[in-house]
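# Residue-level structure breakdown
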Amino acid sequence: MASTQPLNDRDVSAAPASSGTLSISIAGMSCASCVGRVEKALRGVDYVEAANVNLATERAELTFSSAPDTTAIQNAVEGAGYTVVDETTELTIEGMSCASCVARIEKALAAVPGVLAVHVNLATEKAQVRHVAGLVDADRLTGAVADAGYAARAVADSASGDQQARARTEEISALKRSILLAGAATLPIFVLEMGGHVFVGLHEWLMATLGQQSKFYLFFVLASLVQFGPGLRFYKKGWPALVRGGPDMNSLVMLGTSAAYGYSLVATFLPSVLPQGTVNVYYEASAMIVTLILIGRYMEALSKGRTSEAIKRLMTLQAKTARVIRDGEPVEVALEDVQVDDIVQVRPGERVPVDGELTEGTSYVDESMITGEPVPVQKHSGAEVVGGTINKTGSFSFRATKVGGDTMLAQIIKMVEAAQGAKLPIQALVDRVTGVFVPTVLAAAALTFAVWLAFGPTPALTFALVNAVAVLIIACPCAMGLATPTSIMVGTGRAAEMGVLFRKGEALQSLRDIDTIALDKTGTLTKGRPELTDLVAADGFARDDVLQTVAAVEAHSEHPVAGAIVDAARASGASRLKAVNFEAIPGYGVSAAVDGRTVGIGADRFMRQLGLDVTVFAESASRLADEGKTPLYAAIDGRLAAIIAVADPIKDSTPSAIEALHRLGLRVAMITGDNQRTAEAIARRLGIDEVIAEVLPYGKVKAVKRLREGGRRLAFVGDGINDAPALAEADVGLAIGTGTDVAIESADVVLMSGDLRNVPNAIGLSRATIRNIKENLFWAFAYNASLIPVAAGLLYPFYGLLLSPIFAAAAMALSSVFVLGNALRLRRFAPLMGLGNETPQHAPEAAAAAR
């Protein structure tokens, strides 16, 4: 529900004390000129550094250099002729005992800037706080209650985000009612007036039964119902905007329909003041224009609702309740009542309510909503679980570590919302044009009227009026305002469904322009953990026996290579042997005794020290080197027993992902700390174009700068803490979502799974989205550029053609619907590479489409 009440008068010091950002909902915007007007008003508020308004989401994103003056923000929006939307937050209050407690809490809450109304109920121990949406958050309200000496906790809306959904539903319902009323009044006018031109008999019958004047009176009554019933909305918004010198779409519709209606009014009741031959009525034009534009807005509202379906689907993933252990017994509680460190039980088939760490039980959990991977992941004690994922098999208990807005799902929703509200650089052109567009249209309409009145054929006044009205109606810049934000909303929403999160909306455009992809090796190209990849036993030795013997020795070592050998032995089911007399020889290897046998494991120099010749494994050693692996050797009882290789294996998806990047026309580089020979071996195997090897952790930024030389546009993909500076330095940073929080926070794009195939998917979607935006902008600009001259009557001298205001209204409404429909096509974007739960396009075709 929108509110026009002012914020409470209060010292600005009560506002947040630090700089930051703010997101508020704004009602009443209808076109690109509205966006420009609101942005201009907000930028005039003290301490506002930046203001970006999004027509599709109907939100304003503000950046402050100091504490924001919330009163000035609302006044600026309302001064521009629009409304800041309000919402209601419910609090649970603890510690109240009497009516004076109620009064004290109400006073404390009412003093918070942005609060419009407060109602505290002693019996239910709850408070209903109505406040300006975006200007007040639950933390500030609970803080105010705490300052008053009581404890408060926000009651989360079980359908988070439904405030805006309800407003959208109410808007659609109101438009539907208006259309029905306008249609019921317009249809008789249209049938009788237009039917009389088509069917001669009908016209003669109307003249004989009603007469010309009676027909005018009937049309007047019906058109008045439309003009000042459903059409009143255009006056409420359009007239104030016109008076302030900032006309918008509503102003154009108001002027156009008022001109047609007003002229008809004079022709009906004061025909003598009009020149001979100009006594005509245009009631059908005024009524039809209102009706058609309302229909267009209705379709637009329906389409806008569909652009945010990705957010709605994410919200439905949230569980409603949780089974929490309280006083030793499981109790079903509302999701908002779960607290950090609570022990939560989850049964098979249930959603995990919040983020946490398993304490008891084992199960398989479907995490496809987060990672895009369809295969359930095994969970055991100590494993992390994410709220919104689905428990498939066993029951388990876990300790809640993140609740409410801190959960991963809540953070994903916030990321998507932030990206959807972003303003891309491509929008700058639209802003410049729309800033002067409506005034230019008014001037064009006035010029059209003057030229037709001065030079038009008889009756010149009629021609002047009709063509001026057509210019006013055809030029409404709705499509321009919707062209960019709707594509961004649908594109980022589709990306979220694919497991790609655009943390910064600008990356949606930047990613399209890159020509080079730099990939960190460890954890990005590889699995990020060493594994035993090769064990070739010498003649006279059994592989399994060698493995379990070597593992017994390595169990005493803390080296990652040793851990990989022990893990491999454990996975193979080998018997666990005991080693004694363990000794580590720095730079050479390790030795011990296992079941009375002496065992030595190490590099080739260790074997030579033991008097053993490793040339028998020369062919295997050469092969391993070509594969980028460093060989180790094992000796048992003085005999060479095996050659072993432990390496960080390449992910299964890596080769196909790099191939897809090449099909997209990108150059692929690898940055690694490996030695040059190993790095080049990996690069040859994967088809990587450029290698920067032996890079220390702090040298990755320098490597990124080197790759950007020559004006190359670079995207860097990484996952570790030491990748964060490089992610920030690149033109676009993409973080593997399975990596560290620091890396993710430094990135522009987050790939929720560890699958590199989402990199070409993200680039493909970026290119598809920007192409979609350009299509929308072309349609919006071309539509206005081509049809305004037609509406002004440019074709009349050559072909005798004029554009009826009725057709102008229909075309204007359809232009917005076309733009929205085109943006919605992005919902069907198929990723270039499927991750298992997505159906990929045929790769070459998809790559070509994404160019």
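Residues numbered from 1 in each chain as written. Predicted model: local features only at pLDDT ≥ 70, side-chain atom pairs only at ≥ 80, totals over all residues. Heavy atoms only, no water.

### Description of the packing of aromatic side chains
- What the rule picks out here adds up to 12 aromatic pairs.
- Judged by centre distance (5.7 Å) and plane angle (55 degrees), the rings of Phe463 and Tyr796 are tilted. Here Phe463 is found in helix H15 (residues 460-474), whereas its partner Tyr796 is found in helix H29 (residues 796-799), with 333 residues between them in sequence.
- Within the aromatic cluster, the residues linked to one another by ring pairs are Phe228, Tyr235, Tyr261 and Tyr283.
- Positioned over the ring face of Tyr588 is Arg605, at 5.8 Å from the centre of the ring. (Phe/Tyr/Trp six-rings, centres within 6.5 Å; stacked < 30°, edge-to-face > 60°. Helix = DSSP H or I, 4+ residues; strand = E, 2+ residues; numbered from the N terminus. Lys NZ or Arg CZ within 6 Å of the ring centre and 35° of its normal.)

### Quick look at the environment of Thr21
- Looking at the element boundaries, Thr21 is found in strand S1 (residues 20-27).
- In this structure, the C-alpha to C-alpha distance between Thr21 and Leu62, residues 41 residues apart in sequence, is 5.4 Å.
- Not counting residues within four places of it along the chain, the set of residues in contact with Thr21 comprises Leu62 and Thr63. (Contact = heavy atoms within 4.5 Å.)

### Let's talk about helix H19 (residues 543-554)
- Between its terminal C-alpha atoms H19 stretches 16 Å, which fits the 16 Å expected from 12 residues at 1.5 Å a residue.
- Most of H19 is tucked away, with nine of its 12 residues classed as buried.
- Of the residues making up H19, those classed as buried are Val546, Leu547, Gln548, Thr549, Val550, Ala551, Ala552, Val553 and Glu554. (Expected span 1.5 Å × (residues − 1). Buried < 20%, exposed > 50% of the residue type's maximum accessible area, 1.4 Å probe, protein only.)

### As for the pattern of salt bridges
- Inspection of the entire model under this criterion finds 23 salt bridges.
- Between Arg43 and Glu39 there is a salt bridge, and its shortest N-O distance comes to 3.5 Å. Of this pair, Arg43 and Glu39 are both found in helix H1 (residues 32-43), four residues apart, which corresponds to roughly one turn of the helix.
- A network of salt bridges, in which partner residues are shared, links Arg708, Arg713, Glu729 and Asp731. (Salt bridge = Lys/Arg side-chain N within 4 Å of Asp/Glu carboxyl O.)

### Re the UniProt feature "transmembrane region" (unreviewed entry) in the protein chain
- Within this structure's numbering, the places UniProt gives as "transmembrane region" (unreviewed entry) are residues 178-202, 214-232, 252-274, 280-299, 433-455, 461-484, 777-799 and 805-824.
- Secondary structure content for residues 214-232 is 79% helix and 0% strand, while the C-alpha to C-alpha distance between its ends is 25 Å.
- The span residues 252-274 shows a helical share of 78% and a strand share of 0%, and its end C-alpha atoms are spaced 25 Å apart. (UniProt positions renumbered as here; feature names shortened; annotations may be inferred.)

### What to know about the sheet that holds strand S9 (residues 321-326)
- Pairing within the open sheet is antiparallel, and its six strands lie in the order S10-S9-S11-S17-S12-S15. The open sheet has two free edges, formed respectively by strand S10 (329-334) and strand S15 (384-385), since each of these has just one partner strand.
- Direction of pairing for S9 relative to S10: antiparallel, over a ladder of six bridges. What sits directly across from Ala322, in S10, is Val333. (Pairing = 2+ DSSP bridges.)

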